[in-house]
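Letter by letter, the chains look like this.
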Amino acid sequence: MSDRDVALGDMSPDEFRRAGYLAVDWAADYLASVQDYPVLARTEPGAVRRRLPASPPKAPESLESMLADLTSVIVPGITHWNHPAFFAYFAITGSGPGILGELLTAALNINGMLWKTSPAATELEEVALDWLRQMVGLPDGWMGIIMDTASIASLCAIAAAREAAEPHLREQGMAGGPRLRLYTSEQAHSSIEKAAIVLGLGRHGVRKIPVDREFRMDPGALAAAVTEDRRAGWRPFCVAATVGTTSTTSVDPVPAIADVCARERLWLHVDGAYAGMAALLPEFRWVLEGCHQADSVVINPHKWLFTPIDCSAFYCARPEVLRSAFSLVPEYLRTTESDQAAVRDLMDYGVQLGRRFRALKLWMVIRHFGWEGLAARIREHIRLGQQFRSWVDAHPDFERMAPAPLSVVCFRARPADLRARADEHDGYLDRLNEALLEEVNATGRAYLSHTRLKGRLTLRLAVGNLRTTEAHVREAWDLLQQHAAQLDNKLRTE
Ligand SMILES: Cc1ncc(COP(=O)(O)O)c(C=O)c1O
């Protein structure tokens, strides 16, 4: 086959329009019926791969055939994060306006690496993030930038902290330099430790501070650890506090941690990936209390602001430090506009050069729902979480494993007759709860995940999907009660 036999160029506009309608219809039908699928994929490893051709098609194929395969081969291997009974991890929603924003972003397909390579992309990112900053009450004048994930935002924050503490490391590298120490709690997300690995601090460069009974960092222990480390020759440089830890959504005492950071001249980064968004509600503003004293904060619209993954909002009080950590401009990326005060080249504030136009979907989500509409939805998720919490608390055969300030509840089945000296039964309760999670998830009617708290296997129910109603939470609760009772009978007679 020669090139002359092949039609060149893209789809024609008419073909695009026709295929686009089909794709949008597919998405609309999917979203309208998502509750009919099993939440958790029931696919054996390798099953999807086996059903796909091993080599690429030589000749063009139609969009109809692709959509047919999407339905018959791909969808059965999908775990439906859009399902109203998705209660695992942090439940999310790619809302209608967000999905359409993704479509339009792909249509524009700009690369916002420099202001000049798409001025509107940079400026819309600045505006959309400033709107979000106002909604959660972070300080005026902070710079906002979109990162793909909170993991990368925290990596950038820690790189900026290193730059602030030891600017020569950027040139000289870590070998032979001071032994840098980063502090975070035992409950912090693994992304903090991963950032330390990437930045050459190593895992030994991270000191995990103990938490109190409610899983919050102990600021007294933090202060003592910093003093001890200085004496031992470490160079403390950064604290990563968490607002809404992954396991329990505990909120570190940021004001007290900020005081330690101010005294010890440490960069304070706040990981509010999930819970930061609760600050949209006046009654939950407290979750970001003390953050005005931080140097950087990350919150994730792709977790709890109905924006399709990925979209993480990174705020920095000291953008000039972030810039000096990352800016490296070769000749081919120089522009005459870069020196103007009103121009920001976003490539200078992180690792990546190429930059998707993620601000468009965030802007569309905020405009579609409005500040009040977003707040009302988050408030409803918290109400549903609290409803579930009250059911757990009232049930003799279940126990709550952590405070539940927001929309996530940590709990386990613990039959009433095992209430006394529950510690002695932990082995059995771990087995019971592990089996309970497997069984409930296998029904396809709800999907929960787990964690381990104080060594005990703990189930988590997280509300965060726009389609979730009280009936869905109730069904999950009914399933949990029914399967827990059956399993307890079965396991005790084994
Ligand atoms: C507190 C916290 N930080 C960071 C992350 C990582 O988020 P991302 O997937 O955006 O990197 C998570 C994920 O659940 C999280 O719970």
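In this text, all values refer to a predicted model and were calculated from it rather than measured experimentally.

Here is what the cut-offs are and how they apply
- Residues numbered from 1 in each chain as written.
- Predicted model: local features only at pLDDT ≥ 70, side-chain atom pairs only at ≥ 80, totals over all residues.
- Helix = DSSP H or I, 4+ residues; strand = E, 2+ residues; numbered from the N terminus.
- Rg over C-alpha atoms; globule rule 2.2 N^0.38 Å.
- Buried ≥ 20, exposed ≤ 12 C-beta atoms within 10 Å, placed from the backbone.
- Contact = placed C-beta atoms within 7 Å.
- Domains from an automatic or database assignment.
- Nonpolar A, V, L, I, M, F, W, Y, C, P; charged D, E, K, R; others polar.
- Pairing = 2+ DSSP bridges.
- Axes fitted to C-alpha atoms, helices over the stretch in contact; angles between N-to-C directions.
- Core = buried A, V, L, I, M, F, W, Y, C linked by C-beta atoms within 7 Å.
- Parallel < 35°, antiparallel > 145°, perpendicular 65-115°, else oblique.
- Left-handed = near helix turned anticlockwise from the far one by under 90°.
- Expected span 1.5 Å × (residues − 1).
- Arc of directions from axis to C-beta.

A.B. asks: Teacher, can you tell me more about the overall build of the protein chain here?
C.D. replies: Regarding its fold elements, the protein chain presents 15 helices and eleven strands. A compact globule built from 494 residues should have a C-alpha radius of gyration of about 23 Å, and the protein chain, at 25 Å, falls within 12% of that. Overall, the C-alpha framework of the protein chain stretches about 75 × 65 × 45 Å when taken along its three principal axes. The buried share among the 494 residues of the protein chain stands at 43%. Within the protein chain, counting contacts between residues at least 6 apart in sequence, those at least 24 apart form 72% of the total.

A.B. asks: Looking at this structure, I do not really get the environment of Glu438. What am I missing?
C.D. replies: In this fold, Glu438 is placed in helix α14 (residues 426-442). For Glu438, a count of 11 C-beta atoms within 10 Å corresponds to the exposed category. For the pair formed by Glu438 and Ser449, sequence separation is eleven residues and the distance between their alpha carbons is 9.5 Å.

A.B. asks: I would appreciate a short explanation of the domain arrangement of the protein chain in the present structure.
C.D. replies: In many reports, interface size means the accessible area that the parts give up when they come together. For the protein chain, the assigned domains are domain 1 (1-46 + 76-108 + 358-494) and domain 2 (111-356). Of note, the centres of domain 1 and domain 2, computed from C-alpha atoms alone, are 27 Å apart. Only α4 (96-108), α13 (359-394), β9 (408-413) and β10 (449-453) provide two or more residues apiece to the side of domain 1 that touches domain 2. In terms of residues, the side of domain 1 that touches domain 2 owes the most to one element, α13, which gives twelve residues. The class makeup of the residues in the side of domain 1 that touches domain 2 is 21 nonpolar, seven polar and four charged.

A.B. asks: Help me out: how do you make sense of the sheet that holds strand β6 (residues 296-299) in this one?
C.D. replies: In a beta sheet, neighbouring strands are held together by backbone hydrogen bonds and run either parallel or antiparallel to one another. Reading across the sheet, the seven strands line up as β1-β7-β6-β5-β4-β2-β3 and stay open at both edges, with mixed pairing between neighbours. Across the chains shown, the open sheet's two edge strands, defined by having one partner strand only, are β1 (143-147) and β3 (206-209). The sheet shows a mean angle of 20° between the axes of neighbouring strands, taken without regard to direction. The sheet contact formed by strand β2 (residues 179-185) and strand β4 (residues 234-242) spans six bridges and is parallel.

A.B. asks: Mind showing me how you'd approach the environment of Ala394 here?
C.D. replies: In this fold, Ala394 is placed in helix α13. In this structure the C-alpha to C-alpha distance between Ala394 and Arg179, which are 215 residues apart in sequence, comes to 51 Å.

A.B. asks: Would you mind going over the sheet that holds β10 with me for this structure?
C.D. replies: The four strands lie next to each other as β8-β9-β11-β10, forming an open sheet whose pairing is antiparallel. For this open sheet the edge positions go to β8 (398-400) and β10, each flanked by a neighbour on one side alone. The mean inter-strand angle of the sheet, taken between neighbouring strand axes irrespective of direction, is 40°. Lying on the sheet, α13 is in contact with β8, β9 and β11 (456-462); it crosses β9 at an angle near 20°. Contacting β9, β10 and β11, α14 runs over the sheet at an angle of about 35° to β11.

A.B. asks: I tried to follow the nonpolar core on my own but got confused; where do I start?
C.D. replies: Buried together is how nonpolar side chains tend to be arranged in soluble globular proteins. Counting 137 residues, the largest nonpolar core has Phe87 and Ala160 as the members making the most contacts within it. No other element matches α13, which puts 14 residues into this core. When residues of this core are assigned to domains, at least three fall in each of domain 1 (1-46 + 76-108 + 358-494) and domain 2 (111-356). Excluding anything up to four places from it in sequence, Phe87 contacts Ala446, Tyr447, Leu448, Leu461, Ala462, Val463 and Ala476.

A.B. asks: Where do I start with the pairing of β10 in this structure?
C.D. replies: The side chains of a regular strand alternate between both faces of the sheet. Pairing geometry for β10 and β11, over five bridges, is antiparallel. Its bridge partner lying in β11, Ser449 is registered against Arg460. Between the end of β10 and the start of β11, which pair antiparallel, lie two residues, with Lys454 showing a positive phi angle near 50°.

A.B. asks: Would you mind going over the packing of helix α9 (residues 219-231) against helix α10 (residues 254-264) with me for this structure?
C.D. replies: Two quantities define a packed helix pair, namely the angle between the helix axes and the distance between the axes. At a closest axis distance of 9 Å, the pairing of α9 and α10 adopts a crossing angle of 20°. As summarised for this structure, α9 and α10 are arranged roughly parallel, according to the angle between their axes. Our pair here, α9 against α10, has a crossing hand that is right-handed. Touching Pro219, Leu222, Ala223 and Val226 of α9 are Ala256, Ile257, Val260 and Glu264, all from α10. Of the residues belonging to the contact of α9 with α10, the class tally is seven nonpolar, no polar and one charged.

A.B. asks: It is not clear to me how unusual backbone geometry should be interpreted in this structure. Could you clarify?
C.D. replies: When glycine is set aside, most residues are seen to have a negative phi, and most peptide bonds are trans. For the bond running from Ile309 to Asp310, omega is 15°, close enough to zero to count as cis. Mapped onto the elements of the fold, Asp310 is located in the loop between α11 (301-304) and β7 (312-316). Even without glycine at this site, Arg265 takes up a positive phi of about 55°. In this structure, Arg265 sits in the loop between α10 and β5 (267-271). Phi at Lys454 takes a positive value of approximately 50°, unusual for a residue other than glycine. Here Lys454 shows up in the loop between β10 and β11.

A.B. asks: Looking at this structure, I do not really get α14. What am I missing?
C.D. replies: Residues lying three or four places apart along an α-helix face the same way, a consequence of the helix completing one turn every 3.6 residues. The terminal C-alpha atoms of α14 lie 24 Å apart, and with 17 residues this matches the ideal 24 Å at 1.5 Å per residue to within 8%. Listed in full, the buried residues belonging to α14 are Leu429, Leu432, Asn433, Leu436, Leu437, Val440 and Asn441. Burial along α14 is one-sided: seen end-on, the buried residues are contained in an arc of 150°. Turned more than 90 degrees away from the buried face of α14 sit Gly427 and Glu438, all of them exposed. Residues of α14 that are buried make contact with β9, β10, β11 and α15 (470-493).

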